[in-house]
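Here is what each chain is made of, one letter per residue.
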Amino acid sequence: MSHTLGIRQAQKQKTRQALLDAALGLLEDQSLSSLGLREVTRAVGVAPTAFYRHFRSTADLGVALVEEALGSLHPMIATTVSGGGDSEDRIVRAVDLIARHVQAQPAHVRFIARERHGGVQPVRDAIRDQLARFAEEVRDALAEQPESEGWGEEDLLMLAGLYVDQMLVTASQFMETLDATEAERERVAHLATRRMRLIVIGRRNWLG
């Protein structure tokens, strides 16, 4: 009996993932607000009623995509800030990690960039909550650095927000260069590096 339940659970998870993957593919050329569940189920080859065994609505599916796209990034974000080396090393590491993530997961990055200010409120809220978590995690990592001596929690959170916002901007700009030349990608990396250096310079002088 337990073996049968295990097979059913595995099949259910497989169908759920297939729905997520199909939706992500369909969202390459449209926003979530225009996506119909019948489009998704047709792409997977299941009946529309099967959709509701996994998600309450397309908005619910969108929230699941947010978790899939951003949930696994928390360790990476923390690594870019708390890893070894000086500020220049951390900047170079952050830009490189962002570039590699965009190359590996372009559909996820495109989805977040589009839906962050899209028309589906629960998805916007889910993205906002994930970004707030990123900012809090970056704040905690920054607080461990000697450069943060004398900084209050509010200012550290503001600084963390600047880093997170810049990471998002950098990811969006790398997205635009997926089919561009290596020179164009290097230009984006150079600009992102300079912007992060500017944040570092502002940090050094904030309490002055």
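Please refer to the structure placed before this passage.
These numbers were taken from a predicted model, which means no experiment stands behind them.

Brief notes about the side chain of Thr170
With respect to the secondary-structure elements, Thr170 resides in helix H9 (residues 153–175). Given the relative accessible area of 0%, Thr170 is considered buried. Here the side chain of Thr170 touches Gln166 through a polar contact of 2.8 Å, landing on its backbone oxygen. Apart from residues no more than four positions distant in its own chain, Thr170 is found in contact with Ile98, Val188 and Ala192.

Structural notes on the pattern of salt bridges
By the definition in use, this model includes 12 salt bridges. Residue Asp140 is joined to Arg139 by a salt bridge in which the shortest nitrogen-to-oxygen separation is 3.1 Å. A relative accessible area of 42% means that Asp140 is categorised as partly exposed. Residue Glu184 pairs with Arg187 through a salt bridge whose shortest N-O separation is 3.0 Å. With Glu184 and Arg187 both in helix H10 (residues 182–205) and 3 residues apart, this pair spans about one turn of that helix.

Structural notes on the packing of aromatic side chains
A ring pair, where both rings are aromatic, is described by two values, the distance of the centres and the angle of the planes. Counted according to the given criterion, the structure contains 2 aromatic pairs. Summarising the aromatic geometry, the rings of Phe51 and Phe55 are spaced 5.7 Å apart at their centres and angled 45 degrees between planes, so their arrangement reads as tilted. For the pair shown, Phe51 and Phe55 are each scored as buried. An aromatic cluster is defined as three or more aromatic residues linked by ring pairs; in this entry it consists of Phe51, Tyr52 and Phe55.

Considerations on helix H4 (residues 58–70)
An α-helix turns once every 3.6 residues. As a result, residues three or four positions apart point the same way. Given a rise of 1.5 Å per residue, 13 residues ought to cover 18 Å, and the 18 Å separating the end C-alpha atoms of H4 matches this to within 8%. Among the residues making up H4, those that are buried are Ala59, Asp60, Leu61, Gly62, Ala64, Leu65, Val66, Ala69 and Leu70.

Overview of the layout of surface pockets
In this structure, the largest pocket spans a volume of roughly 330 Å³. Lining the largest pocket are 21 residues, with Leu70, Ile112, Met167, Leu168 and Ala171 positioned closest to its centre. Elements supplying a minimum of two residues to the lining of the largest pocket: H4, helix H5 (74–82), helix H6 (87–104), helix H7 (106–115), helix H8 (121–143) and H9. The greatest single-element share of the lining of the largest pocket, amounting to 7 residues, is contributed by H9. Here the lining of the largest pocket is built from residues that sort into 16 nonpolar, 3 polar and 2 charged.

A closer look at a nonpolar patch on the surface
A cluster of nonpolar side chains, namely Met158, Trp206 and Leu207, defines an oily patch on the protein surface of about 320 Å² accessible area. Examined against the element boundaries, Leu207 turns out to sit in the segment after H10.

Side note on empty space enclosed by the protein
The gaps of empty space that remain are located by a probe, the size of a water molecule, rolled over the atoms. Summed over all chains, the structure comprises 1 cavity of 30 Å³ or more. The calculated volume of the largest cavity comes to roughly 130 Å³. Forming the walls of the largest cavity are 13 residues, and the residues nearest its centre are Thr80, Val81, Arg90, Ile91 and Tyr163. Residue assignment for the lining of the largest cavity shows that the elements contributing at least two residues are H5, H6, H9 and H10. The dominant element in the lining of the largest cavity, judged by the number of residues it contributes, is H6, at 4 residues. Across the lining of the largest cavity, the residue classes tally to 8 nonpolar, 3 polar and 2 charged.

What to know about the environment of Thr49
Summarising the element assignment, Thr49 is placed in helix H3 (residues 48–51). Separated by 154 residues in the primary sequence, Thr49 and Arg203 place their C-alpha atoms 54 Å from one another.

Criteria and thresholds
Residues numbered from 1 in each chain as written. Predicted model: local features only at pLDDT ≥ 70, side-chain atom pairs only at ≥ 80, totals over all residues. Heavy atoms only, no water. Helix = DSSP H or I, 4+ residues; strand = E, 2+ residues; numbered from the N terminus. Buried < 20%, exposed > 50% of the residue type's maximum accessible area, 1.4 Å probe, protein only. Polar contact = N/O pair within 3.5 Å; in protein donor to acceptor, adjacent residues only side chain to side chain. Contact = heavy atoms within 4.5 Å. Salt bridge = Lys/Arg side-chain N within 4 Å of Asp/Glu carboxyl O. Phe/Tyr/Trp six-rings, centres within 6.5 Å; stacked < 30°, edge-to-face > 60°. Expected span 1.5 Å × (residues − 1). 1 Å grid on protein atoms, 1.4 Å probe; cavity = no way out; pocket = protein on both sides within 12 Å on 5 of 7 lines; lining within 4 Å. Points joined across faces, edges and corners; volume = space filled by probe spheres on them. Nonpolar A, V, L, I, M, F, W, Y, C, P; charged D, E, K, R; others polar. Patch = residues over 30% accessible without salt bridge, like charges linked within 9 Å, V, L, I, M, F, W, Y side chains within 5 Å. Areas by Shrake-Rupley, 256 points an atom, 1.4 Å probe, with all protein chains shown as cover.

None of the figures reported here should be taken as evidence of function without further support.
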